[in-house]
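A closer look at the structure
Listed below are the residues making up each chain.
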Amino acid sequence: MDRILLVGCGGFIGAVLRYLVSLGTQRLLGTPLYATLVVNVVGCLVIGFLGGLAEERQYLSSQVRLFLFVGILGGFTTFSSVAYETAQILRAGQVPAALVHIGLQLLLGIPAVFVGYWAAR
(Lines give C-alpha, C1' and ligand atoms only; values in the text may rest on other atoms or scores of the structure.)
Protein backbone atom coordinates (compact mmCIF):
# COMPACT_ATOMS: atom_id res chain seq x y z
CA MET A 1 0.00 0.00 0.00
CA ASP A 2 2.89 2.38 0.71
CA ARG A 3 4.13 2.01 -2.87
CA ILE A 4 0.72 2.83 -4.28
CA LEU A 5 0.55 5.99 -2.15
CA LEU A 6 4.04 7.03 -3.25
CA VAL A 7 3.11 6.64 -6.91
CA GLY A 8 -0.29 8.30 -6.45
CA CYS A 9 1.07 11.32 -4.57
CA GLY A 10 3.92 11.68 -7.04
CA GLY A 11 1.51 11.34 -9.96
CA PHE A 12 -0.62 14.16 -8.57
CA ILE A 13 2.43 16.41 -8.28
CA GLY A 14 3.64 15.48 -11.77
CA ALA A 15 0.26 16.11 -13.38
CA VAL A 16 -0.02 19.54 -11.75
CA LEU A 17 3.54 20.38 -12.81
CA ARG A 18 2.75 19.31 -16.38
CA TYR A 19 -0.28 21.58 -16.43
CA LEU A 20 1.69 24.53 -15.06
CA VAL A 21 4.65 24.04 -17.42
CA SER A 22 2.25 23.70 -20.37
CA LEU A 23 0.46 26.92 -19.40
CA GLY A 24 3.74 28.73 -18.92
CA THR A 25 5.05 27.52 -22.28
CA GLN A 26 1.87 28.59 -24.04
CA ARG A 27 2.00 32.04 -22.46
CA LEU A 28 5.70 32.46 -23.18
CA LEU A 29 5.54 31.34 -26.81
CA GLY A 30 1.99 32.47 -27.58
CA THR A 31 0.99 29.06 -28.94
CA PRO A 32 0.12 25.65 -27.48
CA LEU A 33 2.07 23.85 -30.22
CA TYR A 34 5.28 23.42 -28.25
CA ALA A 35 3.90 22.76 -24.76
CA THR A 36 4.11 18.96 -25.04
CA LEU A 37 7.57 19.17 -26.58
CA VAL A 38 8.82 21.32 -23.70
CA VAL A 39 7.27 19.00 -21.11
CA ASN A 40 8.80 15.93 -22.78
CA VAL A 41 12.28 17.45 -23.11
CA VAL A 42 12.26 18.74 -19.51
CA GLY A 43 11.03 15.34 -18.30
CA CYS A 44 13.80 13.58 -20.24
CA LEU A 45 16.44 15.92 -18.81
CA VAL A 46 15.20 15.36 -15.26
CA ILE A 47 14.91 11.57 -15.57
CA GLY A 48 18.40 11.42 -17.08
CA PHE A 49 19.84 13.48 -14.24
CA LEU A 50 18.03 11.52 -11.52
CA GLY A 51 18.83 8.21 -13.22
CA GLY A 52 22.50 9.21 -13.24
CA LEU A 53 22.36 10.02 -9.53
CA ALA A 54 20.59 6.76 -8.78
CA GLU A 55 22.98 4.59 -10.80
CA GLU A 56 26.32 6.31 -10.39
CA ARG A 57 26.10 7.63 -6.85
CA GLN A 58 23.37 5.51 -5.25
CA TYR A 59 21.73 8.68 -3.87
CA LEU A 60 18.15 7.51 -4.27
CA SER A 61 16.45 4.71 -2.35
CA SER A 62 13.99 2.43 -4.14
CA GLN A 63 11.06 4.29 -2.53
CA VAL A 64 12.39 7.67 -3.65
CA ARG A 65 12.95 6.31 -7.17
CA LEU A 66 9.38 5.01 -7.25
CA PHE A 67 8.04 8.37 -6.07
CA LEU A 68 10.16 10.39 -8.51
CA PHE A 69 10.35 8.15 -11.61
CA VAL A 70 6.96 6.44 -11.67
CA GLY A 71 5.00 9.01 -9.68
CA ILE A 72 6.16 12.54 -10.44
CA LEU A 73 7.77 11.95 -13.82
CA GLY A 74 5.07 9.47 -14.84
CA GLY A 75 2.45 12.11 -14.09
CA PHE A 76 4.55 14.77 -15.79
CA THR A 77 5.36 12.85 -18.96
CA THR A 78 5.49 9.15 -19.79
CA PHE A 79 7.73 9.99 -22.73
CA SER A 80 10.60 10.48 -20.29
CA SER A 81 10.18 6.84 -19.26
CA VAL A 82 10.25 5.69 -22.89
CA ALA A 83 13.37 7.77 -23.53
CA TYR A 84 15.06 6.52 -20.34
CA GLU A 85 14.29 2.88 -21.17
CA THR A 86 15.62 3.38 -24.70
CA ALA A 87 18.79 5.01 -23.35
CA GLN A 88 19.28 2.05 -20.99
CA ILE A 89 18.96 -0.37 -23.90
CA LEU A 90 21.45 1.69 -25.94
CA ARG A 91 23.89 1.83 -23.00
CA ALA A 92 23.77 -1.96 -22.94
CA GLY A 93 24.90 -1.88 -26.58
CA GLN A 94 21.64 -3.27 -27.95
CA VAL A 95 21.00 -0.83 -30.80
CA PRO A 96 18.52 -3.06 -32.72
CA ALA A 97 16.47 -3.62 -29.55
CA ALA A 98 16.43 0.13 -28.87
CA LEU A 99 15.22 0.84 -32.41
CA VAL A 100 12.49 -1.77 -32.06
CA HIS A 101 11.50 -0.32 -28.67
CA ILE A 102 11.17 3.25 -29.93
CA GLY A 103 9.66 2.13 -33.24
CA LEU A 104 6.93 0.14 -31.52
CA GLN A 105 6.09 3.10 -29.29
CA LEU A 106 5.38 5.18 -32.39
CA LEU A 107 4.07 2.50 -34.73
CA LEU A 108 1.57 1.18 -32.18
CA GLY A 109 0.83 4.36 -30.22
CA ILE A 110 -0.20 6.68 -33.03
CA PRO A 111 -2.52 4.16 -34.74
CA ALA A 112 -3.99 3.35 -31.30
CA VAL A 113 -5.05 7.01 -31.03
CA PHE A 114 -6.89 6.70 -34.34
CA VAL A 115 -8.50 3.38 -33.33
CA GLY A 116 -9.64 4.91 -30.03
CA TYR A 117 -11.01 7.94 -31.85
CA TRP A 118 -12.78 5.71 -34.36
CA ALA A 119 -14.25 3.56 -31.56
CA ALA A 120 -15.62 6.67 -29.83
CA ARG A 121 -17.41 7.76 -33.01
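Rules behind the numbers
Residues numbered from 1 in each chain as written. Predicted model: local features only at pLDDT ≥ 70, side-chain atom pairs only at ≥ 80, totals over all residues. Heavy atoms only, no water. Helix = DSSP H or I, 4+ residues; strand = E, 2+ residues; numbered from the N terminus. Areas by Shrake-Rupley, 256 points an atom, 1.4 Å probe, with all protein chains shown as cover. Lys, Arg positive; Asp, Glu negative; His and termini not counted. Charge placed at Lys NZ, Arg CZ, Asp CG, Glu CD. 1 Å grid on protein atoms, 1.4 Å probe; cavity = no way out; pocket = protein on both sides within 12 Å on 5 of 7 lines; lining within 4 Å. Points joined across faces, edges and corners; volume = space filled by probe spheres on them. Nonpolar A, V, L, I, M, F, W, Y, C, P; charged D, E, K, R; others polar. Salt bridge = Lys/Arg side-chain N within 4 Å of Asp/Glu carboxyl O. Core = buried A, V, L, I, M, F, W, Y, C linked by side-chain atoms within 4.5 Å. Buried < 20%, exposed > 50% of the residue type's maximum accessible area, 1.4 Å probe, protein only. Expected span 1.5 Å × (residues − 1). Contact = heavy atoms within 4.5 Å. Patch = residues over 30% accessible without salt bridge, like charges linked within 9 Å, V, L, I, M, F, W, Y side chains within 5 Å.

Attention shifts here to the overall build of the chain. Within the chain, the secondary structure is distributed over 5 helices and 0 strands. If you list the helices and strands of the chain from N to C, you get α-α-α-α-α. Principal-axis analysis of the C-alpha atoms gives the chain an extent of 45 × 35 × 35 Å. Accessible area for the chain stands at about 8,400 Å²; split by element, carbon and sulfur atoms hold 71% of it. Computing the positive centroid from 7 side-chain charges and the negative centroid from 4, the chain places the two 11 Å apart.

What follows deals with the layout of surface pockets. Taken as a whole, the largest pocket encloses approximately 180 Å³ of empty space. Those elements that provide at least two residues to the lining of the largest pocket are α4 (79-91) and α5 (95-120). Tallying contributions element by element places α5 first for the lining of the largest pocket, with 6 residues. When the residues that make up the lining of the largest pocket are grouped by side-chain class, the tally is 6 nonpolar, 2 polar and no charged.

What follows concerns the pattern of salt bridges. A full pass over the atoms with the stated rule returns 2 salt bridges. Members of the salt-bridge network, linked through shared partners, are Glu 55, Glu 56 and Arg 91.

With that out of the way, let us pick up the nonpolar core. Judged by nonpolar contacts, Ile 47, Leu 50, Leu 53, Ala 54, Leu 60, Leu 68, Phe 69, Ile 72, Leu 73 and Tyr 84 together constitute the single largest core of 10 residues. Of all the secondary-structure elements, those providing two or more residues to this core are α2 (35-56) and α3 (62-76).

Take α4 next. Across its 13 residues, α4 extends 18 Å between first and last C-alpha, which sits within 8% of the 18 Å expected from 1.5 Å per residue. Of the positions making up α4, those classed as buried are Ser 80, Val 82, Tyr 84 and Thr 86. Lining the buried residues of α4 we find α2, α3 and α5. The positive-phi residue at the C-terminal boundary of α4 is Gly 93, with phi of around 80°.

Following the sequence through the fold, Asn 40 ends up in helix α2. In this structure Asn 40 touches Arg 18, Thr 77 and Phe 79, once residues within four positions along its chain are discounted.

This paragraph deals with a nonpolar patch on the surface. Side chains of Phe 12, Ile 13, Val 16, Leu 17, Tyr 19 and Leu 20 sit close together on the surface and give an oily, nonpolar patch of about 580 Å² of accessible area. As for its placement among the helices and strands, Val 16 is situated in helix α1 (residues 2-29). In this structure Val 16 comes out as partly exposed when scored by relative accessible area, which is 36%.

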